[in-house]
Amino acid sequence: MKHTISVIVENKPGVLSRVSGLFSRRGFNIESLAVGTTEDPNMSRMTIVVEGDESDLEQITKQLYKLIDTLKVFDLPAEKAIQTELVLAKVAASEKTRAEITQIAEIFRAKIVDVAETSMTLELSGDESKVDGAIKLLTKFGIKELVRTGKIALQRGSAEL
Amino acid sequence: MELTGAQALLESLHNEGVDIIFGYPGGVVLPLYDAMFADKRVKHILVRHEQGAAHAADGYARATGKVGVCLATSGPGATNLTTGIANAHMDSIPMVAITGQVATPLLGRDSFQEADVTGITMPISKHNYLIKKVEDLPRVIKEAFHIARSGRPGPVVIDIPKDIFTTKFDYKYPDKVDIPSYKPRTEGHPKQISMATKAIQAAKKPVIYAGGGVISANAANELKELAEKCNVPVTTTLMGIGAFPETSALSLGMLGMHGTAYANYAVTDCDLLIAIGARFDDRVTGHIAKFAPNAKIIHIDIDPAEIGKNVRVDIPIVGDVKKVLRALIDKVGPKEKHVQWVEQIEEWKRKFPLAYKQEGGIIKPQYVIEQAHELAKDRDTIIVTEVGQNQMWAAMFYKYTKPRTWISSGGLGTMGYGLPAANGAQFGRPDALVIDFAGDGSIQMNIQELTTAVNNRLPIKIFVLNNCFLGMVRQWQELIYDRHYSHTNLCNNPDLVKIADAYGAVGMRVTKPEEVRGAIEKAFAINDRPVLVDFVVAKEENVFPFVPPGQAINEMLID
Ligand SMILES: Cc1ncc(C[n+]2csc(CCOP(=O)(O)OP(=O)(O)O)c2C)c(N)n1
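It should be emphasised that the depicted structure is a prediction, and the values quoted were computed from it without experimental measurement.

Looking only at helices and strands, one finds four helices and nine strands in chain A. Ordering the α and β elements of chain A from the N terminus gives β-α-β-β-α-β-β-α-β-β-α-β-β. Projected onto its principal axes, the C-alpha coordinates of chain A cover approximately 55 × 35 × 30 Å. Looking at chain A as a whole, 40% of its 161 residues are labelled buried. Residue pairs in contact within chain A that sit at least 24 positions apart in sequence constitute 71% of those at least 6 positions apart. One finds the centroid of the 22 positive side-chain charges in chain A at a distance of 1 Å from the centroid of its 24 negative side-chain charges.

Below, the structure is given as structure tokens:
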């Protein structure tokens, strides 16, 4: 099962390698990892998507807490969190297909951020099912290049950490 | 006060109460050694290999309970420390390792003697630092000592570039540590404690399984009190040796791969297992699904990540072992004796005692340990070991009654640990009788540390159980690999007596059983330099009981 966890760490040099090293050392699989600063510049937030059962999740959480630089770790299940991901997709396009691609972009509220003779680049964001759905539809045109930021998430409601 | 980084480091160590460090100089730490030339408040012991410095600091920490400190230069000096850092990490030993680093402008350029020390030590230390601004130095030192000794103890590495040592700044040592992301929980949760109390009260066949956490928490007295109040037999791990007096009727000795038969039977049969400061290591549990299969498990540990890591736990209690045990002692009522259970254990003890066969004319290694115990038991003695059969026999055939009297490399199983660790222990406890039980393989791995011992007139006793083999590996080859003694024969060993002599230590050789006692007495009488006794012992003696890897711990080979 996939879990989305949020890790608040001290914004210190080496902290990313401490976290990623921990995952590889202990044999936990990272599907994606997104990291950036938070409202407090001294803290960073990592959003990590991992594969594992409940007991893996428990071990991961505890091992993360064991890192001296870790302030907080929590699980953000889809029903309790806003989860989103940003994607840039460069899709093969011609006179003939451009209109159809534009239509798909509209349906998924993607932005067309670049148009060239033989390609169009779409900027798309949303949760996993939306992003996966869009990519699936675009595949038939030929995706030349694709980049995903990895998921980021915040808990719903007015609660703060 | 205006100081250079080097002076500030020494001042900070002094402020932390450090009185001894083990180190070895080199290019980038020259400014620090120069500062030491003037400031001698912290005693520096020159070792002969950086691995020796790390193990000495570790042995010192285990013998005293204080933080051990070691020091090395950048690159090869630092990489030589790493085995010792990993060793301390696996056994949760408080240590601060200071390494020099190339100057900050040279970092990341493959400069001469540059190694990425924070990168290398990340997975083998509790935490590490690379100091990039001299102003951070006092805070980092303060934090490092705090982290090393608090919570679950462990080694902390501080990497200091050369220019940091020479930069002047306004020094002030912080009097408080504040690391918002590091607040180890020490009080056990009251609800968990009362659940544990009930489980103890209800148990018919309880066993306590105590590990090194009892020793690092200085909780041996509490362990004894709880065990006696509730009549619970106690088995210890290799790391837990000394946490409970083996002379007590409640003692089961060690459990696991080379545990006593009665400890392994008791754990397999118990209905309540109280794990205290232990981590369900594979050498302890054997086939994990068959470990304590009928037991409810209480697990008390300072490290939340240990709970549920290897086995499912019914009643976890996270907290300082000493505090949790105190709370339990206060809560549990006195228990009736588990007559049947105690009787059952007595029967196992009668049927399957720890034993070995004497053979005429040949010294049995176990006999050397027993004789050493006879002669040393009434003295303030610390037993240190190397790794292999020597270590297991020393664990089994010496009877330990006090914490910090057993010093051995548990988690990493580092050959070459014993001699430098014995040095460290003797520095920490100058009046103690320190004995290093060694194998002829292990002793050669850090033999250069004999110089450190000789130069400092350390009267350590090195008792080599010389079987001309890498004995423990040979044992596995005999029992599991059809006696294919592939590369385990050490028949070309050098003459260890001459080696001792060349180093300026006393060397003796003993070949007959009747000479063992006299030689030990003679060794004990020497108090101004190290003694190495080369006991020529039975070559193919095995350590029994032995749980073959992957088996359940009650499926052991007893002889
Ligand atoms: C540094 C290191 N290398 C290899 C090993 C693997 N090993 C474990 S026990 C052992 C044999 C030890 O031989 P010796 O020191 O003669 O002791 P004995 O078992 O004969 O008492 C070896 C090679 C180890 N534990 N540590």
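Along the chain, Lys364 of chain B turns up in the loop between α14 (339-351) and α15 (365-376). Setting aside chain neighbours within four positions, we find Lys364 of chain B in contact with Tyr356, Lys357, Gln358, Glu359, Ala538 and Glu541 of chain B.

Residues and elements named next belong to chain B. For chain B, the domain assignment lists domain 1 (2-170), domain 2 (190-351) and domain 3 (365-536). Each side of the interface is counted separately: domain 2 has 17 residues, and domain 3 has 19 residues. Summing both sides of the interface, domain 2 and domain 3 together bury roughly 1400 Å²; the carbon and sulfur share of this comes to 67%. The interface formed by domain 2 and domain 3 includes zero salt bridges. Where domain 2 packs against domain 3, one counts four residue pairs in polar contact (both at pLDDT 80 or more).

Another aspect to go through is the nonpolar core. Residues and elements named next belong to chain B. The biggest cluster of nonpolar side chains holds 49 residues, and the ones touching the most others in it are Phe22 and Ile462. The dominant element in this core, judged by the number of residues it contributes, is helix α3 (residues 50-64), at seven residues. Excluding anything up to four places from it in sequence, Phe22 contacts Ile45, Val47, Ala53, Ala56, Ala57, Tyr60, Val69, Cys70, Leu71, Gly424 and Phe427.

This paragraph deals with a negative patch on the surface. All names here are of chain A. A contiguous patch of negative charge, built from Asp53, Glu54, Asp75 and Glu79, is present on the exposed surface. Along the polypeptide, Glu54 turns up in helix α2 (residues 54-66). For Glu54, a relative accessible area of 52% gives the class exposed.

Our next topic: the site of the ligand. Residue and element names in this part refer to chain B. The local shell around the ligand holds 17 residues, among which Gln389, Gly413, Gly441, Ser442 and Gly471 are the closest. Within the contact set of the ligand, an oxygen atom lies 2.8 Å away from a backbone nitrogen or oxygen of Gln389. In the model, a nitrogen atom of the ligand is placed 2.8 Å from a nitrogen or oxygen of the Gly413 main chain. Here the ligand, which alone exposes 590 Å², has 76% of that area covered by the protein. Broken down by secondary-structure element, the contributors of at least two residues to the shell around the ligand are α16 (389-397) and α19 (471-480). In terms of residue class, the shell around the ligand is made up of seven nonpolar, nine polar and one charged.

Another point: the environment of Asp282 of chain B. The residue Asp282 of chain B is located in helix α12 (residues 282-285) in this model. A C-alpha to C-alpha distance of 8.9 Å links Asp282 of chain B and Gly550 of chain B, two positions 268 residues apart in sequence.

As a further point, take the pairing of strand β3 (residues 43-51) of chain A. All names here are of chain A. The element β3 is largely enclosed, with a buried count of seven among its nine residues. Pairing analysis gives nine bridges linking strand β1 (residues 2-10) to β3, with the strands arranged antiparallel. For Glu10, the partnering residue across the bridge sits in β3 and is Met43. Relative to β3, strand β2 (residues 29-37) runs antiparallel, the two being bridged by eight bridges. Among the inter-strand pairings, Leu33 is bridged to a residue of β3, identified as Ile48. In sequence, β2 turns back onto β3 through a hairpin of five residues.

Here the focus is the interface of chain A and chain B. Each partner contributes to the interface: chain A provides 15 residues, whereas chain B provides 16 residues. Overall, the association of chain A and chain B removes approximately 1300 Å² of surface from exposure, summing both partners, and the carbon and sulfur fraction of that is 54%. Of all residues in chain A, Arg18, Lys62 and Ile68 of chain A give up the largest surface area on contact with chain B, accounting jointly for 46% of the area buried on that side. On the surface where chain A and chain B come into contact, there are one salt bridge. A salt bridge links Asp303 of chain B to Lys66 of chain A; the nearest nitrogen and oxygen atoms lie 2.7 Å apart. Mapped by element, the contributors of at least two residues to the side of chain A that touches chain B are α1 (15-25), α2 and β4 (70-75) of chain A. Residue contributions to the side of chain A that touches chain B peak at five residues, all from α2 of chain A. Looking at the side of chain A that touches chain B residue by residue, the classes come out as two nonpolar, five polar and eight charged.

Here the focus is the layout of surface pockets. A volume near 1100 Å³ is recorded for the second largest pocket. Taken together, 38 residues form the lining of the second largest pocket, with Gln63, Lys66 and Leu67 of chain A together with Asp303 and Ala305 of chain B sitting closest to its centre. Of all the secondary-structure elements, those providing two or more residues to the lining of the second largest pocket are α1, α2 and β4 of chain A together with α4 (76-90) of chain B. In terms of residue count, the dominant contributor to the lining of the second largest pocket is α2 of chain A (four residues). Of the residues belonging to the lining of the second largest pocket, the class tally is 16 nonpolar, nine polar and 13 charged.

Time to look at the sheet that holds β2 of chain A. Residue and element names in this part refer to chain A. An order of β2-β3-β1-β4 is seen for the four strands of this open sheet, with the pairing classed as antiparallel. Every other strand in the sheet has two partners, leaving β2 and β4 as the edge strands with one partner each. Here the strands of the sheet are splayed against their neighbours by 20° on average, with no regard to which way each runs. Strands β1, β2 and β3 of the sheet are contacted by α1, whose axis makes an angle of about 15° with β3.

Below, the discussion takes up unusual backbone geometry. The step from Phe544 of chain B to Pro545 of chain B runs through a cis peptide bond, and the omega angle for that step is 0°. Among the secondary structure elements, Pro545 of chain B is positioned in the segment after β20 (531-536). Despite not being glycine, Arg109 of chain A has its phi angle at roughly 50°, a positive value. Mapped onto the elements of the fold, Arg109 of chain A is located in the loop between α3 (95-107) and β6 (111-115). Residue Arg109 of chain A is classed as exposed on the basis of its relative accessible area, which comes to 74%. In this structure, Ala292 of chain B is a non-glycine residue whose phi angle is positive, near 40°. Relative to the assigned elements, Ala292 of chain B resides in the loop between α12 and β13 (296-301).

Basis of the calculations
- Residues numbered from 1 in each chain as written.
- Chains lettered and ligands numbered in written order.
- Predicted model: local features only at pLDDT ≥ 70, side-chain atom pairs only at ≥ 80, totals over all residues.
- Heavy atoms only, no water.
- Helix = DSSP H or I, 4+ residues; strand = E, 2+ residues; numbered from the N terminus.
- Buried < 20%, exposed > 50% of the residue type's maximum accessible area, 1.4 Å probe, protein only.
- Contact = heavy atoms within 4.5 Å.
- Lys, Arg positive; Asp, Glu negative; His and termini not counted.
- Charge placed at Lys NZ, Arg CZ, Asp CG, Glu CD.
- Domains from an automatic or database assignment.
- Buried area = accessible area lost by both parts, 1.4 Å probe.
- Salt bridge = Lys/Arg side-chain N within 4 Å of Asp/Glu carboxyl O.
- Polar contact = N/O pair within 3.5 Å; in protein donor to acceptor, adjacent residues only side chain to side chain.
- Core = buried A, V, L, I, M, F, W, Y, C linked by side-chain atoms within 4.5 Å.
- Patch = residues over 30% accessible without salt bridge, like charges linked within 9 Å, V, L, I, M, F, W, Y side chains within 5 Å.
- Areas by Shrake-Rupley, 256 points an atom, 1.4 Å probe, with all protein chains shown as cover.
- Near = heavy atom within 4 Å.
- Nonpolar A, V, L, I, M, F, W, Y, C, P; charged D, E, K, R; others polar.
- Pairing = 2+ DSSP bridges.
- 1 Å grid on protein atoms, 1.4 Å probe; cavity = no way out; pocket = protein on both sides within 12 Å on 5 of 7 lines; lining within 4 Å.
- Points joined across faces, edges and corners; volume = space filled by probe spheres on them.
- Axes fitted to C-alpha atoms, helices over the stretch in contact; angles between N-to-C directions.

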